Amino acid sequence: MRKVSIIATIVSLAIILTVASFTKFTPHNANHYPLATELYDGSANIVSAIYLDFRLYDTLFEVLIFSVAITGVSFYSKRVKESGSISVDKSPLIRFELILLGFLTLVWGIYTAITGHLQPGGAFSGGAISASGIIVLTMALGTEKIHAITEQFELEWIENLVLFVVVAYAIFANVNGGFFSPGFRVGKVGQLFSGRGALLLNSSIGFKVFVGGWAIFYEFSKRKESV
Amino acid sequence: MNLNLLLSLMVMAIGIVIVLVKRDLLVKLIGLGVLETAVTLSFVLVGYTGPLPPLLTLPIERVDPLPQAMIITSIVVGFAVLALSLVFVIYLSNVYHTTDVIKLIKRIKKDER
């Protein structure tokens, strides 16, 4: 074991030194994407323009990976026995504040996802914020209530549907130049309906990340004491 | 020699060493998290061309938007890998009652006999 650790340290240090000494950062043309965004996309957030427009297939397969992970989590966690639950705080004041905080976090995440093309933020961060709102609500209401709500929805089915929204958008974007044709609903920079399909994609992907995070948290919180 | 890049690569090396050397599966996952965070850090460093966020409404001293757009993919993939591997660790520890790699190998071989 000691030999392995020494060899690993030496090899990684050697890789670091060679990479760091041969790398030179020349100031490259950082104005390429801002100009393209202004002309062809129209969303104020350049990062959103890149991952929802210029590199849409990147996002598509990212969403696919997320789906696969959630399907795997809910498939393999069925083989583990359920045990443990999250206890609720006894003080009613703290519970009330947690409920308030949870709903606030939920709404904030939705806002972040929907206005992802106008300001810093976006679908993935908004969905993650909303999912953490569900965690706060679980601390306030206890696992029984939240699990009863969760079992009404088929979470994995719902979040897999969003994949087809993105695939359909990508297909329609390529039919006769569709969404990718110059001038299609570019809109004015800073308006809500700008950046081509940014509103549709941001809200659907944000919803998917929210539901996926909720599903993962649900499966883990059901098996809290099984490690 | 770029000092910022060197330091972020050092954090990356710490992650690699944790993944290779430590015997506990959960500690290995933490090392993987350190590795991914260091990759994110180095990408952010490469894209740092100005102090402002990449919004069109702001003046031209913004950061380069491309590394930030790529690192979103990295963060989501890291989250997916972490969730999936945690489920595998829970399953293994449920069956073999340990998260130590060497003990796991011994018990799996014992089962195969």
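The rules behind the values
Residues numbered from 1 in each chain as written. Chains lettered and ligands numbered in written order. Predicted model: local features only at pLDDT ≥ 70, side-chain atom pairs only at ≥ 80, totals over all residues. Heavy atoms only, no water. Helix = DSSP H or I, 4+ residues; strand = E, 2+ residues; numbered from the N terminus. Polar contact = N/O pair within 3.5 Å; in protein donor to acceptor, adjacent residues only side chain to side chain. Contact = heavy atoms within 4.5 Å. Buried area = accessible area lost by both parts, 1.4 Å probe. Salt bridge = Lys/Arg side-chain N within 4 Å of Asp/Glu carboxyl O. Nonpolar A, V, L, I, M, F, W, Y, C, P; charged D, E, K, R; others polar. Patch = residues over 30% accessible without salt bridge, like charges linked within 9 Å, V, L, I, M, F, W, Y side chains within 5 Å. Areas by Shrake-Rupley, 256 points an atom, 1.4 Å probe, with all protein chains shown as cover. Lys, Arg positive; Asp, Glu negative; His and termini not counted. Charge placed at Lys NZ, Arg CZ, Asp CG, Glu CD. Buried < 20%, exposed > 50% of the residue type's maximum accessible area, 1.4 Å probe, protein only. Expected span 1.5 Å × (residues − 1).

## Observations regarding the side chain of Asp100 of chain B
Then comes step 1: Its location among the elements puts Asp100 of chain B in the loop between α3 (65-96) and α4 (101-112).
Then comes step 2: Of note is the side chain of Asp100 of chain B, whose polar atom sits 3.3 Å from the side chain of Arg23 of chain B.

## Observations concerning the interface of chain A and chain B
Then comes step 1: The partner chain B presents 41 residues to the 49 residues of chain A that form the contact.
Then comes step 2: Buried area between chain A and chain B, both sides added, is near 4100 Å², and the carbon and sulfur share of it is 81%.
Then comes step 3: The tally of links between chain A and chain B comes to zero salt bridges.
Then comes step 4: At the level of secondary structure, the elements contributing two or more residues to the side of chain A that touches chain B comprise α1 (2-22), α2 (32-41), α3 (46-54), α4 (56-76) and α9 (198-222) of chain A.
Then comes step 5: The element contributing the most residues to the side of chain A that touches chain B is α1 of chain A, with ten residues.
Then comes step 6: Taken together, the residues that form the side of chain A that touches chain B break down as 29 nonpolar, 14 polar and six charged.

## Section: a positive patch on the surface
Residue and element names in this part refer to chain B.
Then comes step 1: Among the surface-exposed residues, Lys103, Lys106, Arg107, Lys109, Lys110 and Arg113 lie close enough to one another that they form a single positively charged patch.
Then comes step 2: With respect to the helices and strands, the residue Arg113 is situated in the segment after α4.
Then comes step 3: Among the residues examined, Arg113 registers a relative accessible area of 82% and is labelled exposed.

## Observations regarding the pattern of salt bridges
Then comes step 1: As enumerated under the stated definition, the model contains five salt bridges over all chains in all.
Then comes step 2: For Glu219 of chain A, the salt bridge goes to Lys78 of chain A, with nearest N and O atoms at 3.5 Å. Of this pair, Glu219 of chain A sits in helix α9 while Lys78 of chain A is found in the loop between α4 and α5 (92-114), placing the two residues 141 residues apart along the sequence.
Then comes step 3: The class for Glu219 of chain A is buried, based on a relative accessible area of 3%.
Then comes step 4: Classification of Lys78 of chain A by relative accessible area gives exposed; the value is 56%.
Then comes step 5: In this structure, Arg23 of chain B engages Asp100 of chain B in a salt bridge whose closest nitrogen and oxygen atoms are separated by 3.3 Å. In this pair, Arg23 of chain B sits in the loop between α1 (3-21) and α2 (25-46) while Asp100 of chain B sits in the loop between α3 and α4, placing the two residues 77 residues apart along the sequence.
Then comes step 6: Bridged by salt links that share partners, the residues Lys78, Glu219 and Arg223 of chain A form one connected network.

## Considering α1 of chain B
Then comes step 1: Its 19 residues give α1 of chain B an end-to-end C-alpha distance of 26 Å, which sits within 8% of 27 Å, the value for a rise of 1.5 Å per residue.
Then comes step 2: Residues Leu5, Leu6, Ser8, Leu9, Met12, Ala13, Gly15 and Val21 of chain B constitute the buried set of α1 of chain B.
Then comes step 3: Against α1 of chain A together with α2 of chain B lie the buried residues of α1 of chain B.

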